Amino acid sequence: MVRYRIDRRTRDAATAEFAATVAATLTDARGWQRGGVRMVRDVRAPYLVVLAEPDEVQRLCRPYDIYRRYSCQNGPVVALNAERWRHATPEWTGSLPAYRQMLVNHEVGHLLGLHHPPSPQCPRPRALAPVMAQQSTELNGCRPNPWPLPTEVQLLARHDLPLAPPPD
Ligand SMILES: [Zn+2]
């Protein structure tokens, strides 16, 4: 079981559904729970999923440089970039709700110890992209996908992955 809390540090309407979206994504039957991990929301939890403006995400992600654009997982903190939450990226060909689910599953995937897939991140044209592929930047001919693939679920289910890996 992984206990987490949610913090929304924005005020606009476009981000109003942040907490509900995160909670729904992390308990969805298509999500990481297929790998045997139960995500439980708890206000005293050690792990934090936070939505913040780019300058604050930059700070939360140190020593990573996210160029004010990306999101990150940094130790116990999953910091999601509010600008991406609002607009997705030009490279993303799916819907905005699907982008948000992908962002949550990708960064929480890092929290659970999963890495980006080996290159090429898109195994073949028109395949579903792995959720741990960097879909915000480049789909490389893959179809957008917010949910972990069976192979990614298997990786998680092996349970030998470190939780909340520190920066390397
Ligand atoms: Zn990543």
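Note that this is a predicted model, so its numbers are computed, not measured.

## Considering the overall build of the protein
Within the protein, the regular secondary structure consists of five helices and five strands. Over its C-alpha atoms the protein spans a radius of gyration of 15 Å, differing by no more than 12% from the 15 Å that the globule rule assigns to 168 residues. In terms of its C-alpha atoms, the protein occupies a principal-axis envelope of roughly 40 × 35 × 30 Å. In the protein, which comprises 168 residues, the proportion classed as buried is 36%. Sequence separation of at least 24 residues holds for 61% of the intrachain contacts in the protein that already meet a minimum separation of 6.

## Observations regarding helix H1 (residues 18-26)
Listing the buried residues of H1 in full gives Phe18, Val22, Thr25 and Leu26. Buried residues of H1 fall within an arc of 90 degrees about the axis and therefore sit on the same side.

## A look at the pairing of strand E3 (residues 47-52)
Burial of E3 is extensive: five of the six residues sit out of reach of the surface. Strand direction decides the pairing type here: strand E1 (residues 2-8) and E3, joined by five bridges, are parallel. Opposite Tyr4, over in E3, you have Tyr47 as the bridge partner.

## Quick notes on the nonpolar core
Residues Val50, Leu51, Ala52, Ala79, Leu80 and Val108 are the most contacted members of the largest nonpolar core, which totals 37 residues. If you tally residues by element for this core, the top one is helix H4 (residues 96-111), at six residues. Every residue in contact with Val50, bar those within four places of it in the chain, is listed here: Asp7, Arg9, Leu60, Val77, Ala79 and Leu80.

## Describing the sheet that holds strand E4 (residues 72-74)
In space, the five strands of this open sheet follow the order E2-E1-E3-E5-E4, with mixed pairing throughout. Each of the sheet's edge strands pairs with one partner strand only, and the pair in question is strand E2 (39-41) and E4. On average, adjacent strands in this sheet sit at an angle of 25 degrees to one another, irrespective of strand direction. Each of E3, E4 and strand E5 (77-81) touches helix H2 (residues 54-61); the most contacted strand, E5, lies at about 155 degrees to it.

## A look at unusual backbone geometry
Note the cis peptide between Arg62 and Pro63, where omega equals 10 degrees. In this chain, Ser119 is followed by Pro120 through a cis amide linkage whose omega measures -5 degrees. We note that Ala88 has phi near 55 degrees; this positive angle belongs to a residue other than glycine. Here Ala88 is to be found in the loop between helix H3 (82-87) and H4. In this structure, Ala164 is a non-glycine residue whose phi angle is positive, near 50 degrees.

## Description of the environment of Met1
For Met1, the location among the structural elements is in the segment before E1. Sequence separation of Met1 and Pro130 is 129 residues, and the distance between their C-alpha atoms is 23 Å. Contact partners of Met1, with chain neighbours within four places excluded, come to Arg38 and Val40.

## A closer look at the packing of H1 against H4
Following both chains from N to C, one finds H1 and H4 inclined at 65 degrees, their axes separated by 10 Å at the closest point. The element H1 and its partner H4 pack so that their crossing is right-handed. Only Arg100, Gln101, Val104, Asn105 and Val108 of H4 make contact with H1, whose side of the interface consists of Thr21, Val22, Thr25 and Leu26. Class assignment for the residues of the contact of H1 with H4 results in four nonpolar, four polar and one charged.

How each quantity is defined
Residues numbered from 1 in each chain as written. Predicted model: local features only at pLDDT ≥ 70, side-chain atom pairs only at ≥ 80, totals over all residues. Helix = DSSP H or I, 4+ residues; strand = E, 2+ residues; numbered from the N terminus. Rg over C-alpha atoms; globule rule 2.2 N^0.38 Å. Buried ≥ 20, exposed ≤ 12 C-beta atoms within 10 Å, placed from the backbone. Contact = placed C-beta atoms within 7 Å. Arc of directions from axis to C-beta. Pairing = 2+ DSSP bridges. Core = buried A, V, L, I, M, F, W, Y, C linked by C-beta atoms within 7 Å. Axes fitted to C-alpha atoms, helices over the stretch in contact; angles between N-to-C directions. Left-handed = near helix turned anticlockwise from the far one by under 90°. Nonpolar A, V, L, I, M, F, W, Y, C, P; charged D, E, K, R; others polar.

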